[in-house]
Amino acid sequence: MDQAARRSIAEQMLAERAIDAPAIADRVNCCFSPDYWTSLVPGSSIALAPPALPERPLPPGEMVAVARGVEEHGYAAIPVFLPDAALAPLNSLVDAVVAAQFPPVFAFVYDALWSTVRTTTVRAVVDRTLGPAARQVPHVWVHVVPSVAGARGWAPHKDGGLATRATSRLSIWIALTDATIDNGCMYVLPRSHPSARVLDGNWHADTIGVAQAVELLSGARALPAAAGSALVWDFDLVHWSGARTGGGVARRSLSFEFIGADAEPAADERPLIACGPGDPLPSFESRLRFIAAGILQYSKHDASVYKFRPLAEQLLTRTV
Ligand SMILES: O=C(O)CCC(=O)C(=O)O
């Protein structure tokens, strides 16, 4: 059986688990109500002014090291900049969305998630790596690797949908809980490692030799990340999630993308989001559209959201 046939069978199986039409209609109504969402979490907000999150300043010189890491290796780690006082409310928002039986990415209806990249740290990282006036691409995701042995996040890939192999772009992945070797932390193939050339160019090629596979294994690098720290990588870096070896807390993280002022956005990267000091957060309706587009785009990486595709389609077509 070829890959297309296998995929089609898997999609049919997943579609059979789809939510029925009345349940979708009910959920669409909830989705479009800011009051519904704020009622789930006391003290939560959905507005345009970004709330300031508690933030821990980075050691001097850290930004230079991050920018150098991205340039030389394609990635870098940012030490903890979000303290527990910021992480606890963020995790409560994800808890509430999951308890209401929505995919975790719906936590992006709330201001606080958007505020994580309006912090001094993230702004400085984006400025240093992409230059001034970079903007946010409306691709966001909440990654959850559940507390089940063998569970894992996304398979190896390079970022960018229609903008594959694009330059002047940066992903920022913020750990909401500790990401460890045992619970499925991220792995990368540093671009500076000699084996990275194996995946240059057409890295989707169906066959590579055993010798090359062994070479690739030698290049893989695990990146454990403490809650409140972040990883950044550019769109030419192969990265993936490890598999969990056991239980413990779920591994949770947020993903964001940014594009330099000089780069032409691909169709699926519009509308870009201005994210300088003083710029408003995306409107509630825009957030719903970004969440819905993410479900359609990322269900190929995250099968748990596949059954929400009809809901996402309705969110994209219905006007408020
Ligand atoms: O957290 C994960 O499992 C995958 C993150 C990732 O690869 C991405 O956001 O591009």
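Here the structure is a predicted model, which is why all the values come from computation and not from measurement.

Enquirer: Help me understand the site of the ligand, please; the structure alone is not making it clear to me.
Expert: Residues in close proximity to the ligand include W141, H143, G153, W154, D159, S171, W173, H239, S241, S253 and S255, which together make up its full environment. Breaking the shell around the ligand down by element, the ones donating at least two residues are strand 2 (135–145), strand 3 (169–175), strand 7 (238–241) and strand 8 (251–259). For the shell around the ligand, a count of residues per class yields three nonpolar, seven polar and one charged.

Enquirer: Explanation requested: the packing of helix 4 (residues 62–73) against helix 7 (residues 120–130) in the structure shown.
Expert: Packed helix pairs are characterised by how far apart their axes lie and by the angle those axes make with each other. Between helix 4 and helix 7, the least distance of the axes is 9 Å, while the angle of their chain directions is 45 degrees. With respect to their mutual orientation, helix 4 and helix 7 come out oblique. Here the hand of the crossing between helix 4 and helix 7 comes out right-handed. Where helix 4 approaches helix 7, its residues M63, V66, A67 and V70 are matched on the opposing element by A124, V125, R128 and T129. Classifying every residue of the contact of helix 4 with helix 7 by side-chain character gives six nonpolar, one polar and one charged.

Enquirer: Can you walk me through the nonpolar core in this structure?
Expert: Taken as a class, soluble globular proteins show a tendency for nonpolar side chains to be buried jointly. Core analysis: the biggest nonpolar cluster contains 82 residues, and L93, A107, F108, L113, I172, L231 and V232 have the highest contact counts within it. What L93 contacts, discounting residues up to four positions off in sequence, is V41, S44, A107, Y110, A112 and L113.

Enquirer: It is not clear to me how the sheet that holds strand 6 (residues 230–234) should be interpreted in this structure. Could you clarify?
Expert: Strand pairing in a sheet relies on backbone hydrogen bonds, with the paired strands running either antiparallel or parallel. Strands sit in the order 1-6-3-8-2 across an open sheet of five strands; the sheet is antiparallel. On the outer flanks of this sheet lie strand 1 (75–78) and strand 2, each paired with one strand and no other. The average angle at which neighbouring strand axes cross in this sheet is 20 degrees, direction not considered. When strand 3 meets strand 6, the two strands line up antiparallel, connected through five bridges. From the neighbouring strand, I172 faces strand 6, where its bridge partner is V232. Sheet contacts for helix 4: strand 1 and strand 6; angle to strand 1, the most-contacted strand, approximately 155 degrees.

Enquirer: Teacher, can you tell me more about the environment of P54 here?
Expert: In this structure, P54 sits in the loop between helix 3 (34–40) and helix 4. Note: C-alpha distance between P54 and R118 (64 residues apart in sequence) is 11 Å. Setting aside residues up to four positions removed in sequence, P54 forms contacts with P83, A85 and A86.

Enquirer: Whenever I open this one, the environment of F108 confuses me. Can you help?
Expert: With respect to the helices and strands, the residue F108 is situated in the loop between helix 5 (84–99) and helix 6 (111–115). In this structure the C-alpha to C-alpha distance between F108 and V140, which are 32 residues apart in sequence, comes to 7.9 Å. Excluding anything up to four places from it in sequence, F108 contacts L113, V140, R287, F290 and I291.

Enquirer: Any chance you could explain unusual backbone geometry here in plain terms?
Expert: Negative phi values dominate among residues other than glycine, just as trans dominates among peptide bonds. Cis geometry marks the peptide bond from R270 to P271; its omega dihedral reads -5 degrees. Relative to the assigned elements, P271 resides in the loop between strand 8 and helix 9 (284–298).

Enquirer: Teacher, can you tell me more about the pairing of strand 6 here?
Expert: Regular strands have side chains that alternate between both faces of the sheet. With five of five residues buried, strand 6 is to be regarded as a mostly interior element. Burial along strand 6 is two-sided: the residues A230, V232 and D234 and L231 and W233 are all buried. Looking at chain direction, strand 1 and strand 6 are connected through four bridges and run antiparallel. Bridge pairing links A76 to V232 in strand 6.

Enquirer: Explain the environment of S171 to me, please; I cannot follow it from the model alone.
Expert: For S171, the position within the fold is in strand 3. Sequence separation between S171 and V232 is 61 residues; the distance between their C-alpha atoms is 5.5 Å. Among all residues touching S171, those that are not within four sequence positions of it are D159, V232, W233, S255, F256 and E257.

Reading guide: rules and limits
Residues numbered from 1 in each chain as written. Predicted model: local features only at pLDDT ≥ 70, side-chain atom pairs only at ≥ 80, totals over all residues. Near = placed C-beta within 6 Å. Helix = DSSP H or I, 4+ residues; strand = E, 2+ residues; numbered from the N terminus. Nonpolar A, V, L, I, M, F, W, Y, C, P; charged D, E, K, R; others polar. Axes fitted to C-alpha atoms, helices over the stretch in contact; angles between N-to-C directions. Parallel < 35°, antiparallel > 145°, perpendicular 65-115°, else oblique. Left-handed = near helix turned anticlockwise from the far one by under 90°. Contact = placed C-beta atoms within 7 Å. Core = buried A, V, L, I, M, F, W, Y, C linked by C-beta atoms within 7 Å. Buried ≥ 20, exposed ≤ 12 C-beta atoms within 10 Å, placed from the backbone. Pairing = 2+ DSSP bridges.

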